[in-house]
Amino acid sequence: KYMNKTSQKEQILLDREYLEELQRKASLFEEILSFLEDKYLGFLMKETEKETNIPIHKAKKELK
């Protein structure tokens, strides 16, 4: 059976370092997601702006 030879004090320090590393990674991941969302939203807005406007009566005719 494997015995853990680290003291409780050392274990708390390791857990704290691990938590800080996870927080850094989460922060980076959040920044990346935010960047991608901004890019995607910008792309959708640009694509939407390219659509041609048509009169409402013509749109109603096309929907029938």
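Our structure's up above, just so we're on the same page.
The model shown is predicted, which means the values in this text are computed figures rather than measured ones.

**Student:** I'm lost on the pattern of salt bridges in this one. Help?
**Tutor:** Charged atoms that come close allow side chains of opposite charge to pair. Scanning the entire structure with this criterion turns up two salt bridges. One salt bridge connects glutamate 20 with arginine 16, and the closest N-O pair in it is separated by 3.8 Å. Here glutamate 20 pairs with arginine 16, and both are found in helix α1 (residues 8–49), just four residues apart, close to one helical turn. What makes arginine 16 exposed here is its relative accessible area of 54%. Ionic pairing is found between glutamate 21 and lysine 25, a salt bridge with its closest N-O pair at 3.1 Å.

Basis of the calculations
- Residues numbered from 1 in each chain as written.
- Predicted model: local features only at pLDDT ≥ 70, side-chain atom pairs only at ≥ 80, totals over all residues.
- Heavy atoms only, no water.
- Salt bridge = Lys/Arg side-chain N within 4 Å of Asp/Glu carboxyl O.
- Helix = DSSP H or I, 4+ residues; strand = E, 2+ residues; numbered from the N terminus.
- Buried < 20%, exposed > 50% of the residue type's maximum accessible area, 1.4 Å probe, protein only.

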